[in-house]
Amino acid sequence: MKVSLFISCFNDMLFPQTGRAVVSVLERLGHEVAFPLEQTCCGQMHNNSGYGPEATALMRRFADVFADAETIVCPSSSCVVTVRVAYPRLAAATGDQQLIARIADLGARTFEFAEFLVKKLGIEDVGAYYPHRVTYHSTCNSLRGLGLGDAATRLLSHVRGLDFVELPRADECCGFGGTFAIKNADTSIAMLTDKLAAIRGTQAEICTAVDNSCLMHIAGGLSRERSGRRTLHLAEILASVEGGVAA
Amino acid sequence: MSVDSPGIIVERAFPAAARDALRDSQLRRNIGKATNTIRAKRKAVVAEMPDWQDLRDAGYAIKRDTLRHLDRHLLALEASVTAAGGTVHWARDGEEANRMVGDILAGHQAKEVLKIKSLTTDEIGLNGALSARGIEPIETDLAEVIVQKGHDRSSHILVPAIHRNRAEIREIFKRELPDTEHLTDEPRDLADAARRYLRQKFLTVPYAISGANFAVAETGSVAIFESEGNGRMCLTLPRVLISIMGIEKVIPRWADMSAFLQLLPRSSTAERMNPYNSVWSGTRAGEGPEEFHLVLLDNGRSDVLADEPARDTLNCIRCSACLNICPVYERTGGRAYGSTYPGPIGAILTPQMNAPPSPADSLPFASSLCGACYEVCPVKIDIPRILVHLRGKVVAARGAKTALDGEALVMAAMARVFENPRLYALAHKAAAIGQVPFIRDGAIKSLPGPLAGWTAMRDLTPIAKQSFREWWKARDR
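Quantities reported herein were computed from a predicted structural model and do not represent experimental measurements. (Residues numbered from 1 in each chain as written. Chains lettered and ligands numbered in written order. Predicted model: local features only at pLDDT ≥ 70, side-chain atom pairs only at ≥ 80, totals over all residues. Heavy atoms only, no water.)

(A) Region of interest: the overall build of chain A. The secondary structure content of chain A amounts to 13 helices and 10 strands. In terms of overall dimensions, chain A is globule-like: its C-alpha atoms have a radius of gyration of 18 Å, near the 18 Å expected for 247 residues. By principal-axis analysis of the C-alpha atoms, chain A measures approximately 50 × 45 × 30 Å. Burial status across chain A gives 60% buried among its 247 residues. Across chain A, contacts joining residues at least 24 apart in sequence account for 80% of those joining residues at least 6 apart. Of the roughly 8,500 Å² of accessible surface on chain A, a fraction of 50% belongs to carbon and sulfur atoms. Averaging the locations of the 23 positively and 26 negatively charged side chains of chain A gives two centres separated by 3 Å. (Helix = DSSP H or I, 4+ residues; strand = E, 2+ residues; numbered from the N terminus. Rg over C-alpha atoms; globule rule 2.2 N^0.38 Å. Buried < 20%, exposed > 50% of the residue type's maximum accessible area, 1.4 Å probe, protein only. Contact = heavy atoms within 4.5 Å. Areas by Shrake-Rupley, 256 points an atom, 1.4 Å probe, with all protein chains shown as cover. Lys, Arg positive; Asp, Glu negative; His and termini not counted. Charge placed at Lys NZ, Arg CZ, Asp CG, Glu CD.)

Here it is as structure tokens:
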């Protein structure tokens, strides 16, 4: 299948290794990956912060850039939720019937990476090898926005050598929430503190998830703790094979 | 915040109020323990219902259809209450409602009045208004007694004294209630002290005020669901009963009650049914109050109704499931929200009841948009969606006021950058260079300005030297 990768501005600049891992897994599975270079940002931050007109402009741009894409895959559930849930509302507010139809079609073609593998392709074993103790934080957007269910943990269950340990209260927000982490820093940190304690309790070396934004927040706290524990995007675990990361 | 003023006037912005609350370890422990307990219980009793999602749909449908023809249903309610021997009063705002209630009581030369726990009366500051006219309101719900006698404000919709532990309650009772010299902090002993105090009031005060969980347009019936039975005492013993309800509390038909009788108790107290469900229709000779008044309160609700993306706010049946599930509420407690209505529902309802600019404008931002509140809401209020809508209104109002708003400038600049891939690539380069002075051991540990909040307790991931698109281009060659 020909897959168009939407990397997200956040991953592009801060976590390019996640993008390389996605390419590696998709190519290993025999898919052809395209990367439209005109892409930038879906507008999530603008939309969530109350900047609707700016978000609408970025939505139009996104729809143009991916107009010819058959399937769009993105390793960030919050960006996919923006495309699938926020875009139709932004489009509806314009009253432009043609745009509304284009956006509905766009949402139906856009998938989060783990969702794409498990729900669209029906693949749970991607042939990965990762001999570490791993716990999984189900990010709010993947859990409630996408309804990802157990897709990510199914993928993890087929990774050879991986010792999976469930995270207590995994479904509770880590406290990131985009600009919330800055505007309400004290509350955000209080939420993070409890999340870190839960991760510590699992004795896992790695906390994984399908959103680098939440993981960056968690990693920022883990790094201050100097516990040696760290975070890693699910795609990077799935890209790992015997002898190291393929990407 | 004055305990006598209307409960929806927010005096401090959320981040500052939350900072104080977060410092109070006792408060955090009390609230964390209480919310986690009720959350687990709610989950268990909801899981017993195989048709829970259908019930939510039914509750939502009834609310949506009612609100669409609210005018008609309210007129029908007025007609049936009047036919049943009651009197209906229409109040535009809290001040008007308070005056109406005060006038009715003053007409009877009332000096004291019993009160059933009611958020609506707290919203309009009824207690303060009555006290000012020399009429003493007497709360009868145990938790409200603790709040009232503690000269305090409620911190939870359903459990107003959730922030108090039993040692604190003992101190309040010893100070305020008669015959409490030997009071211990055993729950039974505390309840007995409150009961002795309340019994005396029930048997001597012939006036009572209630809120309403629902009112049925078809029959003119008003309903109160409660746990302690104090409400029932107030509804049956007094001669004069005044009920105050927000106009959104009307439901068209008697049959509509069945969905809410299932949704409300399981969502709020995690009970299969409330111990006391009281319904009264007007007056009846020789039974219950001789005089019944129903005050229909708008107080900004019509404006909420007119704002289509926010309209579902009025679906709320005040169950508090959203408070109990909310990770922000769990850490900060209710008083950080500065209003009768705390938690996620308060974060959308309160700002709609305060004219901007107001500290209440900070409330739509007091959420990580995690969506847990929407998931548990028995009447399917998409709270995150409404939060985002209200954020848009705050931003638009601010933008019109000042062109030199730091955040607005940053957002506009970023939108321009994202509009243009060349600018975007340049911005990446600039940021990768600009961050260099802040990087220590591969992480950013301290940042100036508005980003300092991030690095107070968290490291920040530096921007990658090679972006993904640069890697892709190099690989493509």
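(B) Molecular detail of the sheet that holds strand 2 (residues 32-34) of chain A. Residues and elements named next belong to chain A. Pairing within the open sheet is parallel, and its 4 strands lie in the order 2-1-3-4. At either end of the open sheet lies a strand with only one pairing partner, and these are strand 2 and strand 4 (110-112). Adjacent strand axes in the sheet meet at a mean angle of 35 degrees, parallel and antiparallel pairs treated alike. Bridge count for strand 3 (residues 71-74) against strand 4 is 3 bridges, and the pairing is parallel. In the sheet register, Ile-72 faces strand 4, and the bridge partner there is Thr-110. Across the sheet, helix 6 (residues 97-109) is in contact with strand 3 and strand 4; its angle to strand 4 comes to roughly 35 degrees. (Pairing = 2+ DSSP bridges. Axes fitted to C-alpha atoms, helices over the stretch in contact; angles between N-to-C directions.)

(C) A look at the packing of aromatic side chains. Considering all chains together, one arrives at 18 aromatic pairs over all chains under this definition. Their ring planes at 85 degrees and their centres at 5.8 Å tell us that A:Phe6 and A:Phe66 sit as a pair that is edge-to-face. Of the two residues, A:Phe6 sits in the loop between strand 1 (2-5) and helix 1 (9-14) while A:Phe66 sits in the loop between helix 4 (52-65) and strand 3, which places them 60 residues apart along the sequence. You can call A:Phe66 buried: its relative accessible area is 1%. For the pair A:Phe35 and B:Trp472, a centre-to-centre distance of 5.7 Å together with 45 degrees between the ring planes defines the contact as tilted. Here A:Phe35 is found in the loop between strand 2 and helix 3 (44-49), whereas its partner B:Trp472 is found in helix 22 (residues 468-476) on a different chain. Judged by relative accessible area, A:Phe35 falls into the buried class, the value being 7%. Three or more aromatic residues joined by ring pairs make a cluster, and in this case those are A:Phe6, A:Phe62, A:Phe66 and A:Tyr87. The residue whose ring lies beneath B:Arg458 is B:Trp454, and the NZ or CZ to ring-centre distance is 4.3 Å. (Phe/Tyr/Trp six-rings, centres within 6.5 Å; stacked < 30°, edge-to-face > 60°. Lys NZ or Arg CZ within 6 Å of the ring centre and 35° of its normal.)

(D) Expanded view of unusual backbone geometry. Residue and element names in this part refer to chain B. At the junction of Pro-356 and Pro-357, the peptide bond is cis and its omega measures out at -5 degrees in the coordinates. Here Pro-357 lies in the loop between helix 16 (343-353) and helix 17 (372-376). Backbone geometry places Gln-109, a non-glycine residue, at a positive phi of 55 degrees. Residue position: Gln-109 is located in the loop between helix 5 (94-107) and strand 2 (112-115). Unusually for a residue other than glycine, Lys-380 sits at a positive phi of about 55 degrees. You can see Lys-380 is positioned in the loop between helix 17 and helix 18 (383-401).

(E) Focus on the nonpolar core. Counting residues in hydrophobic clusters, the biggest one holds 64 residues, and the most contacted among them are B:Phe14, B:Phe214, B:Phe260, B:Ile345, B:Ile348 and B:Ile381. Those residues in contact with B:Phe14 that lie beyond four places of it in its chain are A:Asn184, A:Thr187, B:Val328, B:Thr332, B:Ala336, B:Tyr337, B:Ser362, B:Leu363 and B:Ala366. (Core = buried A, V, L, I, M, F, W, Y, C linked by side-chain atoms within 4.5 Å.)

(F) Looking closely at the environment of A:Asn11. Residue and element names in this part refer to chain A. With respect to the element layout, Asn-11 can be found in helix 1. Asn-11 sits 201 residues away from Asn-212 along the chain, and the two C-alpha atoms are 7.1 Å apart. Those residues in contact with Asn-11, other than ones at most four positions away along the chain, are Pro-16, Pro-75, Ser-76 and Asn-212. A distance of 3.1 Å separates the side chain of Asn-11 from the backbone oxygen of Ile-7, its partner in a polar contact. At 2.8 Å, the side chain of Asn-11 and the side chain of Asn-212 are in polar contact. (Polar contact = N/O pair within 3.5 Å; in protein donor to acceptor, adjacent residues only side chain to side chain.)

(G) Region of interest: the state of the cysteines. Residues and elements named next belong to chain A. Scanning the model with the defined rule gives 0 disulfides over all chains in all. Cysteine Cys-173 is unpaired, with the sulfur of Cys-140 as its nearest cysteine sulfur at 4.0 Å. Residue Cys-173 is classed as buried on the basis of its relative accessible area, which comes to 5%. Cys-214 takes part in no disulfide bond, and the closest cysteine sulfur to it belongs to Cys-174, at a distance of 4.5 Å. (Disulfide = S-S within 2.5 Å.)

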